[in-house]
Amino acid sequence: MTRSSAIKAVKAFPYPFLRAYASRYNWKTGIHGYKGTVVVFMKDNELFYGWSLCNDKDQFDKKIGTFVALQRALSVMKGKDVEGPIIDLTDEMEDLQERALRYFKQIGEYAK
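The paragraphs below set out a description of the structure included in this document. (Residues numbered from 1 in each chain as written. Predicted model: local features only at pLDDT ≥ 70, side-chain atom pairs only at ≥ 80, totals over all residues. Heavy atoms only, no water.)

With respect to the side chain of serine 52
This is how it is decided: Numbering goes from the N terminus for both helices and strands, where a helix is a DSSP run of H or I of at least four residues and a strand is a run of E of at least two. Within 3.5 Å is the distance limit for a polar contact, defined as a pair of N or O atoms, with the added protein rule that one can donate a hydrogen and the other accept it, and that residues adjacent in sequence qualify only through two side-chain atoms. Contacts between residues were defined by any pair of non-hydrogen atoms, one from each residue, lying within 4.5 Å.
Within the element layout of this structure, serine 52 appears in strand β3 (residues 46–53). In this structure the side chain of serine 52 is engaged in a polar contact, spanning 2.8 Å, whose partner is the backbone oxygen of glycine 65. Here serine 52 is in contact with Lys35, Gly36, Thr37, Gly65, Val68, Ala69 and Arg72, once residues within four sequence places are set aside.

Overview of helix α3 (residues 90–106)
Here is the rule we go by: By this rule, a helix spans an expected 1.5 Å times one less than how many residues it contains. Type-normalised accessible area, obtained with a 1.4 Å probe on protein chains alone, sets the label of each residue: buried when under 20%, exposed when over 50%, and partly exposed for intermediate values. An arc is given here, and it is the one of the directions from the helix axis to the C-beta atoms.
For α3, spanning 17 residues, the distance from its first C-alpha to its last is 24 Å, which sits close to the expected 24 Å at 1.5 Å a residue. For α3, the set of buried residues is Glu92, Leu96, Ala100 and Phe104. Down the axis, α3 shows its buried residues gathered within 75° of arc, on one side only. What points out from α3, more than 90 degrees from its buried face, is the exposed set Arg102, Lys105 and Gln106.

Description of the packing of aromatic side chains
We count it as follows: Stacked, tilted and edge-to-face are the three classes applied to pairs of Phe, Tyr and Trp rings, where Trp contributes its six-membered ring and a pair requires centres within 6.5 Å; stacked means planes under 30 degrees apart, edge-to-face means over 60, and tilted covers the rest. We call a charge positioned over a ring when the NZ of a Lys or the CZ of an Arg lies within 6 Å of the ring centre and within 35 degrees of the ring normal.
Using the criterion set out here, one finds seven aromatic pairs in the structure. A ring pair is formed by tyrosine 15 and phenylalanine 41, whose centres lie 5.2 Å apart and whose planes are at 5°; its orientation type is stacked. Highlighted residues: tyrosine 15 in the loop between α1 (3–11) and β1 (17–26) and phenylalanine 41 in strand β2 (residues 31–43), separated in sequence by 26 residues. Note on tyrosine 15: relative accessible area 22%, which makes it partly exposed. Residue phenylalanine 41 is classed as buried on the basis of its relative accessible area of 0%. An aromatic cluster of at least three residues, connected via ring pairs, comprises Phe13, Tyr15, Phe17, Phe41 and Phe48. Residue placement shows lysine 62 over the ring face of tyrosine 21; its charged tip is 4.9 Å from the ring centre.

Here's the deal with the packing of α1 against helix α2 (residues 62–77)
Defined as follows: Only the contacting stretch of a helix is used when fitting its axis, a line to C-alpha atoms as for every element, and angles between N-to-C directions run 0 to 180 degrees. Small angles under 35 degrees read as roughly parallel and large ones over 145 as roughly antiparallel, with 65 to 115 read as roughly perpendicular and the rest as oblique. By convention the crossing between two helices is left-handed if the near helix lies anticlockwise of the far one by an angle smaller than a right angle, and right-handed if it lies clockwise. The classification used treats Ala, Val, Leu, Ile, Met, Phe, Trp, Tyr, Cys and Pro as nonpolar, Asp, Glu, Lys and Arg as charged, and all other residues, Gly among them, as polar.
The interhelical angle for the contact between α1 and α2, taken along N-to-C directions, is 50°, at an axis separation of 8 Å. In terms of orientation, α1 lies oblique with respect to α2. By crossing handedness, the relation of α1 to α2 is classed as left-handed. Residues Arg3, Ala6, Ile7, Ala9 and Val10 of α1 touch α2, and the partners they reach there are Lys63, Ile64, Thr66, Phe67 and Leu70. In the contact of α1 with α2, the residues fall into seven nonpolar, one polar and two charged.

Structural data, given as structure tokens:
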């Protein structure tokens, strides 16, 4: 996956989505614990979440991370089993869910 093809795929994504970047930084050592992306989109009044994490040895790229997270969310939508992240992203997903409920309600695609 190249960065330019990831950008095209993200722009062509058929559903509105929200993303949040996840990161843990150790101020004492100056080392990032992890970097990643969490996304959510809605189809038929149901929220679908996806995530991506960057390997410690790789340089984090927001566009590629968003693409990977969207692909995972699409897999969940299609009913495929997707492994959860190897670290706990619960806080990031809860924050994103609150934003998503407000956002999708504003654009008229979500009705409580």
